[in-house]
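Working through the structure, step by step
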2 protein chains.
Amino acid sequence: MAAPTPTRPRRRGHDPESVLSIAVHVFNERGYDGTSMEDLARALGVTKSAIYYHVPGKEQLLGRALDRALDGLFAMVADERAAAGPAIERLEWVVRQSVRILVDRLPYVTLLLRVRGNSVTEQAALERRREFDRFISRLVKEAAADGSLRPDVDPALVTRLLFGTVNSIAEWYEPARGNASPDDLADALLKMAFNGLRSRPAAQG
Amino acid sequence: MAAPTPTRPRRRGHDPESVLSIAVHVFNERGYDGTSMEDLARALGVTKSAIYYHVPGKEQLLGRALDRALDGLFAMVADERAAAGPAIERLEWVVRQSVRILVDRLPYVTLLLRVRGNSVTEQAALERRREFDRFISRLVKEAAADGSLRPDVDPALVTRLLFGTVNSIAEWYEPARGNASPDDLADALLKMAFNGLRSRPAAQG
């Protein structure tokens, strides 16, 4: 399925960006461990010997791809909107941004979510994911401490469930298929998770 | 890691239940496509030629494993508690039961969630999953129609997000690790999704 149509002339030159994008597509389709350099060469439309001109190695591509996802998350963590204001509002902002990053960088985040730690590169990515989780966890605890989070749920469980919901979007979301826009998607998720699906008599009039 | 300790004598006979349980463990660890009959023989502690005495074939085991997950979900759909009463309460009950089934049958549900439709058996399982999704979707629409679901979210999106949250539990839940009990887990998920994480001033006094 990843093989190019033989009638169309192939581009011989690939910039690093298109190499990365094509490689991530192949990784997601075949699994990283199931992808050979030959598979990558085929998808890029270059010979098996020419692939090393474009790519030093598979794991280096994996590292770059995982950084693409993780850098997005850490840019958000460093944003002042994640640092100032009531904890519950910062948490909502972070969840909304996480949905946007997931949608914007869907193949990269999808790859990240499948990482199990089978190599040094994967372990480094998992460590960055855990660092992100600790950031979220602190935010949830802050919101619990200042009374803006309901007191009868365990903050650790909230962190898991909240980001489980965000990450589950990668399982089904296909922007090309006319799914909800990223903003509508984030709105629906925030309404469900922070205000609940049950309609409120008071709000209904 | 799946190889048995050589010092312990191996059981030569396996009942169908233990064959299935061991096979599903191997499928989840290596991926179904990456598992050979030889891998299964090794995990069962039998010779490569003896494996066919226990197992007619890999795909038959896959089918039985996926049915184990799906039969649980459809038994719930057929239960009267899924059919009688206000739609929103039936929906809550179904979500709670889904969490229980996921935890009770964790390896089987994990396997089901990874199915992509690569064979007749996988396609049949996906069709049953879609049937289950349609059942949930109808329930969400009923709750929207009777006014018990907040009116400002798309029922189709709610179905996706709600079961995305439930299914995400399979990514991290390990009963042996002292995680929350299935009931605490279901409680937290229901509180978040149906009533929201934000504390309510009225409820706080």
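These figures come from a predicted structure and were not determined experimentally.

Take the overall build of chain A next. Within chain A one finds 10 helices and 0 strands. Along the first, second and third principal axes, the C-alpha set of chain A runs to 65 × 35 × 30 Å. Buried residues in chain A amount to 48% of all 205 residues. For chain A, the share of sequence-separated contacts (at least 6 apart) that also reach a separation of at least 24 residues comes to 67%.

This part is about the interface of chain B and chain A. Counting from both sides, the interface comprises 38 residues of chain B and, opposite them, 38 residues of chain A. In this assembly, chain B packs against chain A so that about 3,600 Å² is buried in total across both faces, 60% of it on carbon and sulfur atoms. Together, L161, L197 and R198 of chain B form the three largest contributors to the area buried by chain B at its contact with chain A, with a combined 22%. Taken together, the links from chain B to chain A amount to 6 salt bridges. Here R198 of chain A ties to E92 of chain B by a salt bridge, and the two come within 3.2 Å at their closest N and O atoms. Scanning the region where chain B abuts chain A turns up 21 residue pairs in polar contact (both at pLDDT 80 or more). Listing elements by their share of the side of chain B that touches chain A, those giving two or more residues are helix 5 (87-104), helix 8 (155-168) and helix 9 (182-195) of chain B. No other element matches the 9 residues that helix 9 of chain B contributes to the side of chain B that touches chain A.

Residues and elements named next belong to chain B. For helix 1 (residues 16-30), spanning 15 residues, the distance from its first C-alpha to its last is 21 Å, which sits close to the expected 21 Å at 1.5 Å a residue. Those residues of helix 1 not exposed but buried are S18, V19, L20, A23, V24, V26, F27 and N28. In this fold, the buried residues of helix 1 make contact with helix 2 (37-44), helix 3 (51-54), helix 4 (58-78) and helix 6 (106-114). Positive phi shows up at G31, right after helix 1, with a value of about 85 degrees.

All names here are of chain A. Mapped onto the fold, V153 is located in the loop between helix 7 (120-145) and helix 8 (155-168). Its relative accessible area of 8% is what places V153 among the buried residues. Separated by 84 residues in the primary sequence, V153 and A69 place their C-alpha atoms 30 Å from one another.

Before going further, it helps to examine the pattern of salt bridges. Taken as a whole, this structure holds 32 salt bridges over all chains when the rule is applied. In this structure, R42 of chain B engages D39 of chain B in a salt bridge whose closest nitrogen and oxygen atoms are separated by 3.4 Å. A residue pair is termed a helical-turn pair when its members lie 3 or 4 positions apart in one helix, as R42 of chain B and D39 of chain B do in helix 2 at 3 residues. The partly exposed category is assigned to R42 of chain B, whose relative accessible area is 43%. You can call D39 of chain B buried: its relative accessible area is 8%. Through salt bridges with shared partners, a single ionic network connects R30, D39 and R42 of chain A.

Turning to the domain arrangement of chain A, a few remarks are in order. Residue and element names in this part refer to chain A. As far as domains go, chain A holds domain 1 (16-56) and domain 2 (63-197). With centres defined by C-alpha atoms, the gap from domain 1 to domain 2 works out at 29 Å. If you look at the interface, domain 1 gives 9 residues, while domain 2 gives 10 residues. Carbon and sulfur atoms supply 50% of the area that domain 1 and domain 2 bury against each other, a total of about 860 Å² over both sides. Considering only the side of domain 1, the residues that lose the most area to domain 2 are L20, V24 and N28, jointly responsible for 57% of the buried surface there. For E17, the salt bridge is made with R68, and the minimal N-O distance between the two is 2.9 Å. For the side of domain 1 that touches domain 2, the class distribution of residues is 5 nonpolar, 2 polar and 2 charged.

What follows concerns the UniProt feature "DNA-binding region" (unreviewed entry) in chain A. The UniProt entry lists residues 36-55 of chain A under the feature "DNA-binding region" (unreviewed entry), expressed in the numbering used here. Helix makes up 60% of residues 36-55 of chain A and strand 0%, with an end-to-end C-alpha separation of 12 Å.

Right, let's talk about the packing of helix 5 of chain B against helix 9 of chain B for a bit. Residues and elements named next belong to chain B. Axis separation between helix 5 and helix 9 bottoms out at 9 Å; the angle between their running directions is 140 degrees. Regarding the angle of helix 5 to helix 9, the classification is oblique. Considering only the axes of helix 5 and helix 9, their crossing is right-handed. Counted together, I88, L91, E92, V95, R96, V99, R100 and V103 of helix 5 and P182, D183, L185, A186, D187, L189, L190 and F194 of helix 9 form the full contact between these two elements. Across the contact of helix 5 with helix 9, the residue classes break down as 11 nonpolar, no polar and 5 charged.

Given a rise of 1.5 Å per residue, 14 residues ought to cover 20 Å, and the 20 Å separating the end C-alpha atoms of helix 8 of chain A matches this to within 8%. In terms of burial, helix 8 of chain A is largely enclosed, as 10 of its 14 residues are buried. Buried residues in helix 8 of chain A make contact with helix 5 (87-104), helix 7 and helix 9 (182-195) of chain A together with helix 8 and helix 9 of chain B.

Procedures and definitions
- Residues numbered from 1 in each chain as written.
- Chains lettered and ligands numbered in written order.
- Predicted model: local features only at pLDDT ≥ 70, side-chain atom pairs only at ≥ 80, totals over all residues.
- Heavy atoms only, no water.
- Helix = DSSP H or I, 4+ residues; strand = E, 2+ residues; numbered from the N terminus.
- Buried < 20%, exposed > 50% of the residue type's maximum accessible area, 1.4 Å probe, protein only.
- Contact = heavy atoms within 4.5 Å.
- Buried area = accessible area lost by both parts, 1.4 Å probe.
- Salt bridge = Lys/Arg side-chain N within 4 Å of Asp/Glu carboxyl O.
- Polar contact = N/O pair within 3.5 Å; in protein donor to acceptor, adjacent residues only side chain to side chain.
- Expected span 1.5 Å × (residues − 1).
- Domains from an automatic or database assignment.
- Nonpolar A, V, L, I, M, F, W, Y, C, P; charged D, E, K, R; others polar.
- UniProt positions renumbered as here; feature names shortened; annotations may be inferred.
- Axes fitted to C-alpha atoms, helices over the stretch in contact; angles between N-to-C directions.
- Parallel < 35°, antiparallel > 145°, perpendicular 65-115°, else oblique.
- Left-handed = near helix turned anticlockwise from the far one by under 90°.

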